[in-house]
Amino acid sequence: MKIVTLCTCGLGTCFALKIKTEEALSELGVFCEVVPCDLSSGFLEEADLYVLPYGLDVGEEALQSRSVLVVEDVLDAEEIRDKIKKYFAEAGMEAE
């Protein structure tokens, strides 16, 4: 499984999201490839899930038929873990 973390420029927020997402996945006992990207190229990257910060201006056409998690606090490991766990449950995948 591949997860892409997004931010406007691909310099800071997406790397913080990558680290916190990897921590959450580790806690859940799940291995996924996590790739940080800027917004302009992020949706060109094929992924199973896109994780982005609240307030990121993403056009609806970019989100069509994509699995997206919006995170309110990119440093809140608990929020990210809970949202990823919910995503796995809704997708019928196992996570601890």
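Please refer to the structure higher up on the page.
Anyway, here's the lowdown on the structure attached to this text. Since the model is a prediction, treat every value here as computed from it, not as a measurement. (Residues numbered from 1 in each chain as written. Predicted model: local features only at pLDDT ≥ 70, side-chain atom pairs only at ≥ 80, totals over all residues. Heavy atoms only, no water.)

It is worth spelling out helix α1 (residues 13-28) at this point. Structurally, the α-helix is built with 3.6 residues per turn, so residues lying three or four positions apart point the same way. Compared with the 22 Å implied by 1.5 Å per residue over 16 residues, the 22 Å span of α1 between its first and last C-alpha is a close match. For α1, the elements touching its buried residues are β1 (2-7), β2 (33-38), β3 (49-53), β4 (68-71) and α4 (77-90). In the stretch just after α1, Gly29 is the one whose phi turns positive, near 70°. (Helix = DSSP H or I, 4+ residues; strand = E, 2+ residues; numbered from the N terminus. Expected span 1.5 Å × (residues − 1). Contact = heavy atoms within 4.5 Å.)

In this structure, Cys32 sits in the loop between α1 and β2. Along the primary structure Cys32 and Ser67 are separated by 35 residues, whereas in three dimensions their C-alpha atoms are 15 Å apart. If sequence neighbours within four positions are ignored, Cys32 has contacts with Met1, Ile3, Leu25 and Phe88.

With that settled, consider the nonpolar core. Ranked by size, the top nonpolar core spans 17 residues in total, and within it Ile3, Leu25, Val51, Ile84 and Phe88 carry the most contacts. Elements with a minimum of two residues in this core: α1, β3, β4 and α4. When near neighbours in sequence (up to four residues on either side) are disregarded, Ile84 contacts Thr21, Ala24, Leu25, Leu28 and Leu69. Formed by 10 residues, the second largest nonpolar core is a distinct cluster that contains Val35, Phe43, Tyr50 and Leu52. (Core = buried A, V, L, I, M, F, W, Y, C linked by side-chain atoms within 4.5 Å. Buried < 20%, exposed > 50% of the residue type's maximum accessible area, 1.4 Å probe, protein only.)

What follows concerns the side chain of Thr21. By the secondary structure assignment, Thr21 is in helix α1. Here Thr21 is in contact with Ile3, Thr5, Val34, Val51, Ile80 and Ile84, once residues within four sequence places are set aside.

So, about the pattern of salt bridges. Scanning all chains against the criterion turns up 7 salt bridges. Glu27 is the salt-bridge partner of Arg81, the closest N and O atoms lying 2.9 Å from each other. Taken together, the residues span a long stretch of sequence, with Arg81 in helix α4 and Glu27 in helix α1 at a distance of 54 residues. For Arg81, a relative accessible area of 23% corresponds to the partly exposed category. The class for Glu27 is partly exposed, based on a relative accessible area of 45%. With its nearest N and O atoms 3.5 Å apart, the salt bridge here joins Arg81 to Asp82. Look at the salt bridges and you will find they share partners, linking Glu27, Arg81 and Asp82 into a network. (Salt bridge = Lys/Arg side-chain N within 4 Å of Asp/Glu carboxyl O.)

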